[in-house]
Amino acid sequence: MFFWDSLTFTDGSFAISANRSVDDAVNMGLYYILQHLNHPGTYARPELLSSILSQKMIERGMESCAFKSLLACVGGFVLGGAFGIFTAGIDTNVGIDPKHPLRTPTAREVLKDMGQREMSYAKNFAIVGAMFSCTECIIESHRGKSDWKNAVYSGCVTGGAIGFRAGLKAGVLGCRGFAAFSAAIEYYLR
């Protein structure tokens, strides 16, 4: 007798019923496998059990809000740095001293200005990415749904928090603008 012989489903649609998900079906299957291997006389390989458990721990770690926020922060830093270098490369005023506008800047001055712009963009993109990802994950966990509304709510929170530093009106405009942008991106991606 195999472990799946002991599984009884009333309607035959365990994974697609209203209260169950595919992850629940996988967890249930793992449970029955582990229960079968726990009986005396069965051959349980410890390396198989440890690999299954370590894989589940890694999956849970990668789905955590902290990991998603850290990943968005690092990705935002890299993308912001690349964007900063690009914009500094096409800017004709890089390295020019406002006190002496006719003097040709040296290579060191140009590279210093490009590096400052790169770091500024990288830090800003990293902060925005981490804020957006963290709030989206928290909202998704609280609501228990993964849909386009999470991104819109998170965009409003992130844009409002960034804009609120300049005042209430800027906070409201930041909330609206970032939420609209998030809705447009979600509409395009889904």
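Residues numbered from 1 in each chain as written. Predicted model: local features only at pLDDT ≥ 70, side-chain atom pairs only at ≥ 80, totals over all residues. Heavy atoms only, no water.

Labelled according to an unreviewed UniProt entry, the protein chain appears under the name Mitochondrial import inner membrane translocase subunit TIM22, originating from Maylandia zebra. Under the UniProt heading Subunit (unreviewed entry), the note attached to the protein chain is "Component of the TIM22 complex." Under the Subcellular location (unreviewed entry) heading, UniProt states for the protein chain: "Mitochondrion inner membrane". (UniProt positions renumbered as here; feature names shortened; annotations may be inferred.)

Along its 16 residues, helix α5 (residues 148-163) runs 22 Å from first to last C-alpha, staying within 8% of the 22 Å computed at 1.5 Å per residue. Listing the buried residues of α5 in full gives N150, A151, V152, S154, G155, T158, G159, G160 and G163. Its buried side turned inward, α5 meets α4 (107-143) and α6 (168-189). (Helix = DSSP H or I, 4+ residues; strand = E, 2+ residues; numbered from the N terminus. Expected span 1.5 Å × (residues − 1). Buried < 20%, exposed > 50% of the residue type's maximum accessible area, 1.4 Å probe, protein only. Contact = heavy atoms within 4.5 Å.)

On to the layout of surface pockets, then. The method is simple in principle: a probe with the dimensions of a water molecule rolls over the atoms, and the space it marks as empty is what remains. The calculated volume of the largest pocket comes to roughly 430 Å³. For the largest pocket, the lining is made up of 16 residues, of which F125, V128, G129, F178 and F181 are closest to its centre. Among the residues forming the lining of the largest pocket, the class breakdown is 10 nonpolar, five polar and one charged. Each of domain 1 (11-34 + 56-92 + 104-145) and domain 2 (147-189) contributes no fewer than three residues to the lining of the largest pocket. (1 Å grid on protein atoms, 1.4 Å probe; cavity = no way out; pocket = protein on both sides within 12 Å on 5 of 7 lines; lining within 4 Å. Points joined across faces, edges and corners; volume = space filled by probe spheres on them. Nonpolar A, V, L, I, M, F, W, Y, C, P; charged D, E, K, R; others polar. Domains from an automatic or database assignment.)

Bringing the confidence of the model for the protein chain into the picture now. With 78% of its residues at a pLDDT of 70 or more, the protein chain shows a mean pLDDT of 82. Predicted confidence is poor over residues 1-18, with pLDDT under 50, and the contacts of this stretch with residues over four places away or in other chains come to 16 contacts. (pLDDT = per-residue confidence, 0-100.)

So, on to the side chain of T158. Structurally, the position occupied by T158 is in helix α5. Apart from the residues within four sequence positions on either side, T158 is in contact with V128, M131, F132, T135 and F178.

The next subject is the packing of aromatic side chains. The full count for this structure, using the stated rule, is four aromatic pairs. Relative to Y121, the ring of F83 lies with its centre 5.6 Å away and its plane at 45°, an arrangement referred to as tilted. Of the two residues, F83 is situated in helix α3 (residues 65-90) and Y121 in helix α4; the sequence distance between them amounts to 38 residues. In this structure F83 comes out as partly exposed when scored by relative accessible area, which is 39%. (Phe/Tyr/Trp six-rings, centres within 6.5 Å; stacked < 30°, edge-to-face > 60°.)

This paragraph deals with the environment of A126. Among the secondary structure elements, A126 is positioned in helix α4. A relative accessible area of 7% means that A126 is categorised as buried. Taking C-alpha positions, A126 is 7.1 Å from G75, a pair spaced 51 residues apart along the chain. When near neighbours in sequence (up to four residues on either side) are disregarded, A126 contacts C73, G76 and F77.

On to the state of the cysteines. Counted under the stated rule, the structure contains two disulfides. What pairs with C65 in a disulfide is C137, and their sulfur atoms sit 2.1 Å apart. Disulfide C65 to C137: torsion about the S-S bond roughly -80°, handedness left-handed. Of this pair, C65 sits in helix α3 while C137 sits in helix α4; the two residues are 72 residues apart in sequence, bridging distant segments of the chain. A residue is classified by how much of its surface remains accessible, and C137, at 7% relative accessible area, is buried. Between the sulfur atoms of C156 and its disulfide partner C175 the distance amounts to 1.7 Å. Looking along the S-S bond of the C156-C175 disulfide, the torsion reads about -65°, which is the left-handed sense. One end of the pair, C156, is in helix α5; the other, C175, is in helix α6, with 19 residues separating them in the sequence. Classification of C175 as buried rests on a relative accessible area of 17%. Counting only the cysteines that take part in disulfides, in the order they occur along the protein chain, gives the pairing 1-2, 3-4. C134 carries a free sulfur, and the closest cysteine sulfur to it, the one in C65, is 6.2 Å from it. (Disulfide = S-S within 2.5 Å.)

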